[in-house]
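Chain and residue survey
Spelled out, the chains give:
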Amino acid sequence: MLVVVTGSSGLIGSAAVRHWDIPGNQVIGIDNDMRSTFFGPTGSTEWNRKQLESETKNFRTESLDIRNRDAIFDLFKNEHPDLIVHCAAQPSHDRAAAIPFLDFEVNANGTLNLLEATRQFAPDAVFCHMSTNKVYGDAPNELNLQELETRWDYADQQDYQGITENCRIDQTMHSLFGASKTAADILAQEYGRYFGLNTGIFRGGCLTGASHSGVELHGFLSYLVHVAVHGKPYTVFGYEGKQVRDQIECSDVVKAFDAFAQKPRPGEVYNIGGGRQNAASVLECIAMIREIGGYDLNYNLSSEARKGDHICYISDLSKLRRHYPEWDITLSLREILKRMIEAEKATLT
């Protein structure tokens, strides 16, 4: 099988490369290290590309820009992939406001190029699209919430498992990143529903792991571990640090892609995150880092929240588990943090 992975040097993309390379599939990565353009040198994933190429057997990277339609079409015309795992994106909620054209061109136009290349040259392939919970904008904040000692949580029992795929995606503040990713999300759905392509749309919560090149504007948990281990200051924006996120390790995300690839359901949408079991507030994550690694984080609380930020977001995984009962979360938040701390400590030597 031939697998094309976009954003192959990033967190989810590199996990996908490893997942499909191990059993002997041919894997082509598309990555031109745009993260260094978005976030500067500290956001670069070049280190991960080199590591991947040294560890894998059947993988190669093509330094292509997904905005370049001709280049993408040529690759698909020549290679005819069986599976496309689309992870490339401008990923920052905050950064998008400073680079609106670049953000939309990468997230929306780039996705359209890949979908149309699939339709023209690999119509039987499965296309897994990495979307985001930011397609819901700040609509999740409209649920009844209760403030507890260390976190916000849902006040109504019916919302206990979190946000479902039925949450609306319009008439809500998204951020420009959320808007461009919503365009891509809808495009991927339409190529499944209208054209019959095997597209699956995965709306991620907080995706994380030891290979994440986290920066202040993207990659919350990774960056939190980084500043804790290196003794750097950290600013928590809004809600007194009680805002809640659910964390999922990158390998569990890729296993969901694999389950879908084996039994695709064209145009289907799934929320994917850590769910209730891996949900924690910023304050609770800081406490866990102290407990697991012994690091006292130097942080301050800013009263200014990010525009459109979620106060409490937990992914309801019921639909994904119902459609693919062989899939489930395998790594707890504590285990994720333990691995991330160990990986970050290794950079000190």
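For the structure itself, look to the data block above.
Residues numbered from 1 in each chain as written. Predicted model: local features only at pLDDT ≥ 70, side-chain atom pairs only at ≥ 80, totals over all residues. Heavy atoms only, no water.

Once that is clear, we can look at the overall build of the protein. Each helix and strand counted, the protein has 11 helices and 14 strands in total. At 19 Å, the protein has a C-alpha radius of gyration in line with the 20 Å of a compact globule built from 349 residues. Looking at the protein as a whole, 60% of its 349 residues qualify as buried. Of the roughly 14500 Å² that the protein leaves accessible, carbon and sulfur atoms contribute 48%. (Helix = DSSP H or I, 4+ residues; strand = E, 2+ residues; numbered from the N terminus. Rg over C-alpha atoms; globule rule 2.2 N^0.38 Å. Buried < 20%, exposed > 50% of the residue type's maximum accessible area, 1.4 Å probe, protein only. Areas by Shrake-Rupley, 256 points an atom, 1.4 Å probe, with all protein chains shown as cover.)

With that out of the way, let us pick up the packing of aromatic side chains. All chains considered together, the criterion is met by 11 aromatic pairs. For the ring pair phenylalanine 202 and phenylalanine 260, a centre distance of 5.8 Å and an interplane angle of 85° mean the geometry is edge-to-face. Pair noted here: phenylalanine 202 is in strand β8 (residues 198–204) and phenylalanine 260 is in helix α8 (residues 250–262), with a separation of 58 residues, a long-range link. A relative accessible area of 0% places phenylalanine 202 in the buried class. Taken together, the aromatic side chains of Phe202, Phe257, Phe260, Tyr270 and Tyr324 make up a single cluster linked through ring pairs. A cation over an aromatic ring shows up here: arginine 119 above the ring of phenylalanine 195, its NZ or CZ 4.2 Å from the ring centre. (Phe/Tyr/Trp six-rings, centres within 6.5 Å; stacked < 30°, edge-to-face > 60°. Lys NZ or Arg CZ within 6 Å of the ring centre and 35° of its normal.)

What follows concerns helix α4 (residues 69–79). Looking at α4, one finds that the buried residues are Ala71, Ile72, Phe73, Leu75 and Phe76. On the buried face of α4, the contacting elements are β1 (2–6), β2 (26–30), β3 (59–62), β4 (83–86) and α5 (100–121). Of the residues one or two after α4, histidine 80 is the one with positive phi, at around 50°. (Contact = heavy atoms within 4.5 Å.)

Let us now look at the pairing of β8. For β8, the tally of buried residues reaches 7 of 7 residues, placing the bulk of the element in the interior. In β8, alternate side chains face the same way, and those of Asn198, Gly200, Phe202 and Gly204 on one face and Thr199, Ile201 and Arg203 on the other are all buried. With 7 bridges joining them, strand β5 (residues 126–132) and β8 adopt parallel strand pairing. What sits directly across from serine 131, in β8, is arginine 203. (Pairing = 2+ DSSP bridges.)

Although it is not a glycine, histidine 80 sits at a positive phi angle of roughly 50°. Following the sequence through the fold, histidine 80 ends up in the loop between α4 and β4. Residues other than glycine seldom take positive phi values, yet glutamate 240 does so here, at roughly 55°.

Take the pattern of salt bridges next. Tallied over the entire structure, the rule returns 25 salt bridges. Where arginine 290 meets aspartate 296, a salt bridge forms, and the shortest distance between an N and an O atom there is 2.7 Å. Of the charged contacts in the structure, one is a salt bridge between arginine 306 and aspartate 309, with a shortest N-O distance of 3.1 Å. Exposure remark for arginine 306: the relative accessible area of 25% places this residue in the partly exposed category. Here the salt bridges do not stand alone but share partners, grouping Asp94, Arg245, Arg306 and Asp309 into one network. (Salt bridge = Lys/Arg side-chain N within 4 Å of Asp/Glu carboxyl O.)

Spatial strand order, β9-β11-β13: 3 strands in an open sheet with mixed pairing. At either end of the open sheet lies a strand with only one pairing partner, and these are β9 (206–208) and β13 (279–281). Each neighbouring strand pair of the sheet contributes to a mean axis angle of 40°, computed without reference to strand direction. Where β9 lies against strand β11 (residues 244–249), 3 bridges are found, and the strand directions are parallel. Looking across to β11, one finds that threonine 208 is bridged to glutamate 249. Contacts from helix α11 (residues 333–346) reach β9, β11 and β13 within the one sheet, and its direction differs from that of β11 by about 70°. (Axes fitted to C-alpha atoms, helices over the stretch in contact; angles between N-to-C directions.)

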